[in-house]
Amino acid sequence: AIESGTAFTHEFSALLTSLDKNDEIRNTLLSVEENSQEGALTNDMLQTEFSNIKNELIRLSTDGAEESKLYDQIFRELSSLIKIRKLDGENNNKSIISYVYNVETYLRQEKLDEALEYSLLIRNDYPKTEKLMQQWIAQLEASILTRRLISSLQTHAETIANNLTE
């Protein structure tokens, strides 16, 4: 249930009770307790959520930008009708387009810590995106914590299994 992206309140309670004597695992569990009500998003869900907000992020990052040339005004109008962005993300390492590209790439590679790093850059470098990014970052952090929990539980289970076979 923890990996399904759905609520895992009952499973969480049972697990917490069973690990009463293991402080390390118990502390890890407590760090994700609030996620047990709603669940943490799977990687596919994270990709979908980010895909749903990326065009709005790009739009917000350019709202109110200085438009001194007719070309800039035309480009901005066209980009509001047609989503234009580079596919390689290489040109300008600090551009919103590059940041969005990197988040998408890291999500596809299941490198959530790196996706979080670029998400924080978007929020910090483009203040108009902060409100939209706040919820996204919370979802991403919940998924990261949940994955760490699963990894800790797997390690704990392997340790118990190894001790039983010795």
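Located above this text is the structure these notes cover.
Structure report, in brief. (Residues numbered from 1 in each chain as written. Predicted model: local features only at pLDDT ≥ 70, side-chain atom pairs only at ≥ 80, totals over all residues. Heavy atoms only, no water.)

## Description of the overall build of the protein chain
And then number 1: Each helix and strand in the protein chain was counted, giving 7 helices and 0 strands.
And then number 2: What you see in the protein chain, going N to C, is helices and strands ordered as α-α-α-α-α-α-α.
And then number 3: For the protein chain, the residues scored as buried account for 33% of the 166 residues in total.
And then number 4: Within the protein chain, residue pairs in contact and separated by at least 24 positions form 65% of the contacts whose partners lie at least 6 positions apart.
And then number 5: Entry remark: accessible area of the protein chain is about 10,700 Å², with carbon and sulfur atoms responsible for 49%. (Helix = DSSP H or I, 4+ residues; strand = E, 2+ residues; numbered from the N terminus. Buried < 20%, exposed > 50% of the residue type's maximum accessible area, 1.4 Å probe, protein only. Contact = heavy atoms within 4.5 Å. Areas by Shrake-Rupley, 256 points an atom, 1.4 Å probe, with all protein chains shown as cover.)

## Some details on the pattern of salt bridges
And then number 1: In the structure shown here, the tally under the stated rule is 4 salt bridges.
And then number 2: Across the pair K54 and E104 runs a salt bridge whose closest N-O atoms are separated by 2.6 Å. With K54 in helix 3 (residues 43–62) and E104 in helix 5 (residues 96–108), this pair connects stretches of sequence that are 50 residues apart.
And then number 3: The exposure class of K54 is buried, given its relative accessible area of 13%.
And then number 4: In this structure E104 comes out as buried when scored by relative accessible area, which is 12%.
And then number 5: As a salt-bridge pair, E110 and R147 come within 3.7 Å of each other at their nearest N and O atoms. On the criterion of sequence distance, the pair formed by E110 in the loop between helix 5 and helix 6 (112–125) and R147 in helix 7 (residues 130–165) is long-range, its members being 37 residues apart.
And then number 6: For E110, a relative accessible area of 48% gives the class partly exposed.
And then number 7: We classify R147 as partly exposed; its relative accessible area is 30%. (Salt bridge = Lys/Arg side-chain N within 4 Å of Asp/Glu carboxyl O.)

## Section: the nonpolar core
And then number 1: F50, V103, L107, I122, M133, W136 and L140 are the most contacted members of the largest nonpolar core, which has 21 residues in total.
And then number 2: Only helix 3, helix 5, helix 6 and helix 7 provide two or more residues apiece to this core.
And then number 3: The contact partners of W136, leaving out residues within four places of it in the chain, are L46, E49, F50, I53, V103, L107 and S119. (Core = buried A, V, L, I, M, F, W, Y, C linked by side-chain atoms within 4.5 Å.)

## Details of helix 3
And then number 1: Helix length check: helix 3, at 20 residues, gives a terminal C-alpha distance of 28 Å against a target of 28 Å (1.5 Å per residue), a fit within 8%.
And then number 2: Where helix 3 bends most, at I53, the angle is about 35 degrees.
And then number 3: By the burial criterion, the buried members of helix 3 are N43, L46, F50, I53, K54, L57, I58, L60 and S61. (Expected span 1.5 Å × (residues − 1). Bend = angle between axes of the 7 residues up to and from the residue.)

## A look at the packing of helix 5 against helix 6
And then number 1: Two elements in contact, helix 5 and helix 6, have axes whose closest approach is 8 Å; the angle formed by their N-to-C orientations is 160 degrees. Considered as vectors, helix 5 and helix 6 are oriented roughly antiparallel to each other. Crossing angle aside, the handedness with which helix 5 passes helix 6 is left-handed. Here helix 5 contributes I96, Y99, V100, N102, V103, Y106 and L107 to the contact with helix 6, which in turn contributes L112, E114, A115, Y118, S119, L121, I122 and D125.
And then number 2: Each residue belonging to the contact of helix 5 with helix 6 can be placed in one class, and the counts come to 11 nonpolar, 2 polar and 2 charged. (Axes fitted to C-alpha atoms, helices over the stretch in contact; angles between N-to-C directions. Parallel < 35°, antiparallel > 145°, perpendicular 65-115°, else oblique. Left-handed = near helix turned anticlockwise from the far one by under 90°. Nonpolar A, V, L, I, M, F, W, Y, C, P; charged D, E, K, R; others polar.)

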